[in-house]
Structures are given as C-alpha cells and as structure tokens.
Amino acid sequence: ALYNSKTTTRGRTTVYSSEHEARIRSERAIECALQSADLSKEFQVYFQPIVSLPDRTVIGFEALARWQTPDLNWICPDTFIPIAERTGLIHRLTLSLFDTAVRQIKSLPGELGLSFNLSAHDITSPETVGSLLDVIRRHQYDPRLITFEITETAVIGSYEAAETCLQTLREAGVKLALDDFGTGYSSLGYLHRLPIDCVKIDRSFVSGLDDPVAKGVVRSIVNLCQSMRMLCVVEGVEEASQLDVLQSLQCRLVQGYHFSPALPFAEVHDGAHKTGTV
Ligand code: C2E
Ligand code: CA
Ligand code: CA
Ligand code: CA
C-alpha cells in the first residue's frame, strides 16, 4: 500500500510539475519576445466602436492592443499585459500604444471619443500619467474626448497612489471609466470614492439578460448611474434580442460584436468615411 501511494504521488507530482514548467517556459518565451519586441512594428491598436442608442451613432472607439510576434503568432492582451506589468515593460508599452491610438483617432473625421485601458501600474505612476498627458498635448487632441478605463482591482492594491494619479488625469480634463463593473467585490464603494465619469457594465450580465435577475441587475446599475450623473456603457452585446432588452432598460451606450469587433485602423478609417452609424 505504501509503495502504491508513493508512486501515485510521485506520478501526480511529475505531471503537475511538467505542466507547471511548460507554463513557465512559455511565459519566459513571451517575456523574452516582449523584451526584444519592436513595439511600433509588432503592436497594433484595434478599435471597437462605442455606439449611441437608439440611432446607432458611433460616438467613439475603445482602443484594444494586438500583438503579432515576428514569427507571426498572435498573443492576446490578457496574456501579454500581465507579463508586461510583471517585467516593468508596461510603461513603455502603454505610452507607445496610446501615442498610436491618439494619432490614429485624430485622423478620423468628426469629434470621436477614445477610450483607452490603463493597468494598475499605469495609474499608480505619476511619471506615466505625466507622459500620457504629454501625448494628448503633443497631438493637440481635446482631452475631454479621452476616457481612461480602469478596473477596481487596479486601484485596490495602492489606493492612495491611484487616487492621486486619477485626480491629476481628471484635472487635465480627461474622463475616467470603471471597467468590468459588477465583477469585483466592492464596486459600489469605489464608485462613490473615486472620481469616475462612466461605468462599463461587464459582458457577463449581458449574456444572461433573458434571466429576470440579471435583467434587474442591469436595470439597477443603469438607474444608479443616472442618479449619480454618470455615463454607462453596456459591453459584450452580441445578439439583437439583448439589444432589445437593453433599449427597454433605457441603456444609451453599447458595445459588442453585434455592432462590430475591434478592427484594425485601416478598416475603421475606410468605414468612417462612408457612414457614422453601425
Ligand atoms: P476589456 O477592457 O474588458 O475589453 C473588452 C474585451 O472584450 C476585448 O477583448 C474585446 O475584444 C472583447 N469584446 C468586445 N465585444 C465583445 C462581445 O460582444 N463579446 C465578447 N465575448 N467579447 C467582446 P481583448 O481585446 O482580447 O482584450 C482583453 C482585455 O485585455 C481587455 O478587457 C483589457 O482589460 C486588456 N487590454 C486590451 N488592450 C489593452 C491595453 O492597451 N492596455 C491595457 N492595460 N489593457 C488592455
Ligand atoms: Ca476596457
Ligand atoms: Ca470590460
Ligand atoms: Ca478586462
């Protein structure tokens, strides 16, 4: 019996550790690729329209990072952003992506909003915040058209530092959105304490909209935003039926595959000259 349990344990340990090692190896590989990446060549900004209802006017775009390595592998942001944060490369990456995003949105006709995701490291670094504001000034883009999206988990770790940085951004005239709203632990507390202009309702609520409870949650958040004079964007709208429900709940701003996925700039650029709706 002893002998058996020992082999079993050893067997399990071997399986576990090789999976573990494989994961670390691939993280190391991504880390190396990231260290030596030519940011301006390998990274692109894709743009997903943010749509105003009921007329479906595109009022702006969320910038979403895309990375294609020289061996033509696509690596998704949920993978490379945490690695960039851990290795300290995030500052350079954020500024490079933001510079591209502002330059490109500026070349589109009309006064379009630009929503840009910031990570925890970005919103606790006064240096990064200063550089972000420099980018806006350099491109002479109206700061009121810029929204920085942050998550509450980004704030939790170092609340004081984040609060100071967010205040600096707000004083410069940019807007702040609380991303993935409803997925964290204390969303309401942060909504009250942070200088937030907009809430983005996580797509997990939209996928269950035929359930009366989920529908009630979305209705409550929409009403809450109204009474706090905040904008509210519902993310992850994929189906016409979801859109119907959201319109009945008086949702004004939506985003999702039903309208468009995030697109490379060239496609957004061509589309923008044809029509302002989706
Ligand atoms: P997020 O900010 O919550 O962005 C929304 C994600 O949902 C995007 O994934 C988008 O492509 C996807 N999405 C949009 N519409 C739909 C839909 O209708 N259905 C479904 N299932 N998904 C939809 P993506 O581009 O892979 O980005 C993942 C996350 O990576 C983002 O989540 C954001 O947290 C982070 N991220 C992306 N770009 C950047 C960046 O430039 N900087 C930082 N710090 N984070 C970024
Ligand atoms: Ca976002
Ligand atoms: Ca989100
Ligand atoms: Ca997210």
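To be clear, the structure that these remarks concern was listed above.
An account of the accompanying structure is given in this report. Not measured: the values here are computed from a predicted model.

The helix and strand tally for the protein chain stands at 12 helices and 10 strands. Relative to its full complement of 278 residues, the protein chain shows a buried share of 44%. Considering only contacts within the protein chain whose residues lie at least 6 apart along the sequence, 68% involve residues at least 24 apart. Summed over all atoms, the accessible surface of the protein chain reaches about 14,700 Å², with 53% contributed by carbon and sulfur. Separation between the mean location of the 26 positive side-chain charges and that of the 34 negative ones in the protein chain comes to 2 Å.

Another point: the pattern of salt bridges. All chains considered together, the criterion is met by 10 salt bridges. A salt bridge links Arg 144 to Asp 142; the nearest nitrogen and oxygen atoms lie 3.0 Å apart. Classification of Arg 144 by relative accessible area gives exposed; the value is 56%. By relative accessible area, Asp 142 is classed as partly exposed at 24%.

The next subject is the coordination of the calcium ion (ligand 3). The calcium ion (ligand 3) binds to the protein through Asp 179 (OD), Asp 180 (OD), Glu 235 (OE) and Glu 235 (OE), with metal-donor distances spanning 2.2 to 2.8 Å. Taken in sequence order, the residues that donate to the calcium ion (ligand 3) follow the motif D-D-x54-E. In this structure, the calcium ion (ligand 3) lies 4.1 Å from the calcium ion (ligand 2), and both are coordinated by Asp 179. With Asp 179 in strand 6 (residues 175-181) and Glu 235 in the loop between strand 8 (231-234) and helix 11 (240-248), this residue pair connects regions lying 56 residues apart in the sequence. The two residues Asp 179 and Glu 235 agree in class, both being buried.

Here the focus is the site of ligand 1. Looking at ligand 1, there are 21 residues lining it, with Gln 48, Arg 66, Arg 203, Glu 238 and Tyr 257 nearest. Contacts to ligand 1 include Gln 48, whose side-chain N or O atom sits 3.0 Å from a nitrogen atom. One of the backbone nitrogen or oxygen atoms of Ala 65 is found 3.1 Å away from a nitrogen atom of ligand 1. Elements represented by at least two residues in the shell around ligand 1 include exactly strand 2 (57-68), helix 3 (77-86) and strand 6. If one sorts the elements of the shell around ligand 1 by residue count, strand 2 sits on top with 4 residues. A breakdown of the residues in the shell around ligand 1 according to their chemical character gives 8 nonpolar, 5 polar and 8 charged.

Scoring rules and cut-offs
- Residues numbered from 1 in each chain as written.
- Chains lettered and ligands numbered in written order.
- Predicted model: local features only at pLDDT ≥ 70, side-chain atom pairs only at ≥ 80, totals over all residues.
- Heavy atoms only, no water.
- Helix = DSSP H or I, 4+ residues; strand = E, 2+ residues; numbered from the N terminus.
- Buried < 20%, exposed > 50% of the residue type's maximum accessible area, 1.4 Å probe, protein only.
- Contact = heavy atoms within 4.5 Å.
- Areas by Shrake-Rupley, 256 points an atom, 1.4 Å probe, with all protein chains shown as cover.
- Lys, Arg positive; Asp, Glu negative; His and termini not counted.
- Charge placed at Lys NZ, Arg CZ, Asp CG, Glu CD.
- Salt bridge = Lys/Arg side-chain N within 4 Å of Asp/Glu carboxyl O.
- Donors = N, O, S within 2.8 Å, 3.2 Å for Na, K, Ca; no water.
- Near = heavy atom within 4 Å.
- Polar contact = N/O pair within 3.5 Å; in protein donor to acceptor, adjacent residues only side chain to side chain.
- Nonpolar A, V, L, I, M, F, W, Y, C, P; charged D, E, K, R; others polar.

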